[in-house]
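Observations on the model geometry
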Amino acid sequence: VAFWASGASDVAAIAVQIEELSGQAFAPQRALEFGCGVGRLTIPLAQRAREVVAVDIAPSMIERAREHTAAAGLNNVHFALSDASLSRVEGRFDFVYSFIVFQHIPPNIGYDLFRQLLGKLAPDGFGALHVTYGRRASLVRRIVHAGRRKWRMANMIVNVLQGRSARTPMMPMFEYDRRVLLQLLDAANCGHPREQATDHGGHLGAMLMFHKGAGRHS
């Protein structure tokens, strides 16, 4: 119950921010959610938008999200598998959204996906994209983290010490260069974003909320 309630709370918080930016009620006609998972955010977003296109790289996640949205009585959600160019996502959107997703994507792939999402945003649309910039951790923790990413045995040892199965895969965490993201936003006519700082277990980042100008588009 808390899991689904947190999704409703997160979407409600973003709605308030976008309403402050736009000066009007948050009720997207067509919203794009990147990294939908099992639908934690998809459901409350679909309860506010006329149509939602939810994207994820994992077919298993999409199937579970499809089941959950159907159980919630929603028929305005469409799902698409993600790829490096978002080729299965058609058309433009007046709202693009992603939360706690880019941190698991290597930046060499993530920067282009970030740019692709900005390109899917229609002129005069709004976006909210979450990214991580750095990590609050001791030097020892940073060394251990790097070792787990590089060597399988190191990850297995840490798993055992932390009471998990030795074969539990490590959840990768990546950091983005804020300057590069701001350049991408500016190039897409989405400059001067509102930034709300985030801290998830020492992983520091921000929710970037922005408006795409109507004068030109990417």
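In this report, we go over the structure that sits alongside the text. Since the structure is predicted, the reported quantities are computational estimates derived from the model, not experimental observations. Residue indices begin from 1 for each chain and proceed along its sequence in written order. This being a predicted model, a pLDDT of at least 70 is required before a residue's local features are given, and a value of 80 or more before pairs of side-chain atoms are given or counted; all residues contribute to the totals for chains, interfaces and linings. With hydrogens and water excluded, all non-hydrogen atoms of the structure serve as input to the side-chain values.

**Quick look at the overall build of the protein**
- Looking only at helices and strands, one finds seven helices and seven strands in the protein.
- Helix and strand definitions follow DSSP, with helices as H or I runs of at least four residues and strands as E runs of at least two, each counted in order from the N terminus. The secondary structure elements of the protein, listed N-terminal to C-terminal, are α-β-α-β-α-β-β-α-β-α-α-α-β-β.
- Taken over C-alpha atoms, the radius of gyration is set against a globule rule of 2.2 Å times the number of residues to the power 0.38. Computed over the C-alpha atoms, the radius of gyration of the protein is 18 Å, within 12% of the 17 Å expected from 2.2 N^0.38 for a compact globule of 218 residues.
- For the protein, the C-alpha atoms occupy an extent of roughly 50 × 40 × 30 Å along the three principal directions.
- Between buried and exposed lies partly exposed: a residue is buried under 20% and exposed over 50% of the maximum accessible area for its type, with that area taken using a 1.4 Å probe on protein chains only. Within the protein, the proportion of its 218 residues that are buried is 46%.
- Throughout, a contact is declared for two residues whenever any of their heavy atoms are within 4.5 Å. In the protein, of all internal contacts separated by at least 6 residues, the share reaching a separation of at least 24 is 70%.
- Just so you know, the count uses Lys and Arg for positive and Asp and Glu for negative, and it drops His and the chain ends. Here the site of a charge means atom NZ of a Lys, CZ of an Arg, CG of an Asp or CD of a Glu. Computed over 25 positive and 18 negative side-chain charges, the inter-centroid distance for the protein is 9 Å.

**Notes on helix H7 (residues 178-187)**
- Leu-181, Leu-184 and Leu-185 are the residues of H7 that are buried. When H7 is viewed along its axis, its buried side chains cluster within an angular range of 100° and face the same direction. More than 90 degrees from the buried face of H7, the exposed residues found are Arg-179, Gln-183 and Ala-187.
- Elements in contact with the buried residues of H7: helix H4 (107-120), strand E5 (121-135) and strand E7 (203-211).
- Throughout this description, a polar contact denotes any pair of N or O atoms lying within 3.5 Å of each other; where both atoms belong to protein, one of them has to be capable of donating a hydrogen while the other can accept it, and for residues adjacent in sequence the pair is counted only when both atoms sit in side chains. Measuring from the side-chain oxygen of the N-cap residue of H7 to the backbone nitrogen of Arg-179 gives 2.9 Å; that N-cap residue is Asp-177.
- Where H7 ends, the next residue or the one after it, Asn-189, has phi of about 65°, a positive value. Working note: the arc is built from the helix axis to C-beta atom directions.

**Focus: the environment of Gly-37**
- Take Gly-37: it is sitting in the loop between strand E1 (30-34) and helix H2 (42-46).
- As a C-alpha pair, Gly-37 and Ala-65 span 28 residues in sequence and 6.7 Å in three-dimensional space.
- Not counting residues within four places of it along the chain, the set of residues in contact with Gly-37 comprises Asp-56, Met-61, Ile-62 and Ala-65.

**What about the pattern of salt bridges?**
- One speaks of a salt bridge when a side-chain nitrogen belonging to Lys or Arg is within 4 Å of a carboxyl oxygen belonging to Asp or Glu. As enumerated under the stated definition, the model contains eight salt bridges in all.
- The partner of Asp-10 in a salt bridge is Arg-40, with the nearest N and O atoms 2.9 Å apart. Taken together, the positions of Asp-10 in helix H1 (residues 2-22) and Arg-40 in the loop between E1 and H2 put the pair 30 residues apart, joining distant regions of the chain.
- You can call Asp-10 partly exposed: its relative accessible area is 23%.

**Digging into the layout of surface pockets**
- Computed from the structure, the largest pocket encloses a volume of approximately 570 Å³.
- A cavity, in this analysis, means grid points on a 1 Å lattice covering only the protein atoms where a 1.4 Å probe fits yet has no way out; a pocket is instead an open set bounded by protein on both sides within 12 Å along at least five of seven lines, and a residue lines either one if it has an atom within 4 Å of a point. Lining the largest pocket are 26 residues, with Gly-35, Cys-36, Asp-56, Ile-57 and Val-101 sitting closest to its centre.
- Of all the secondary-structure elements, those providing two or more residues to the lining of the largest pocket are E1, strand E2 (51-56) and H4.
- Ten residues, namely Ala, Val, Leu, Ile, Met, Phe, Trp, Tyr, Cys and Pro, are considered nonpolar, four, namely Asp, Glu, Lys and Arg, are considered charged, and the remaining ones, Gly among them, are considered polar. Grouping the constituent residues of the lining of the largest pocket by class yields 17 nonpolar, five polar and four charged. Grid points are joined across faces, edges and corners, and a volume is the space filled by probe spheres set on the points.

**Here's the deal with the packing of H4 against H7**
- Their axes nearest at 10 Å, the elements H4 and H7 cross at an angle of 25°. Taken as axis vectors, H4 and H7 run roughly parallel relative to one another. Crossing angle aside, the handedness with which H4 passes H7 is right-handed. Of the residues in H7, those touching H4 at Tyr-111, Phe-114, Arg-115 and Leu-118 are Val-180, Leu-181, Leu-184 and Leu-185. Every angle, taken between N-to-C directions, lies between 0 and 180 degrees, and every axis is a line fitted to C-alpha atoms, over only the stretch in contact when it is a helix. Angle categories are assigned with fixed cut-offs, so that under 35 degrees is roughly parallel, over 145 is roughly antiparallel, 65 to 115 is roughly perpendicular, and the rest are oblique. Handedness of a crossing follows from how the near helix is turned relative to the far one, being left-handed for an anticlockwise turn of less than a right angle and right-handed for a clockwise one.

**Observations concerning the sheet that holds strand E4 (residues 93-98)**
- Overall, mixed pairing links the seven strands, which are arranged E3-E2-E1-E4-E5-E7-E6 in an open sheet. With one partner strand each, in any of the chains shown, strand E3 (77-81) and strand E6 (194-200) form the two edges of the open sheet. Between one strand and the next, the sheet's axes are offset by a mean angle of 20°, whatever the strand orientation.
- Two strands qualify as a pair provided DSSP detects at least 2 bridges between them. Bridge count between E6 and E7: seven bridges; the pairing is antiparallel. Note on E7: the bridge partner recorded for His-200 is His-203.

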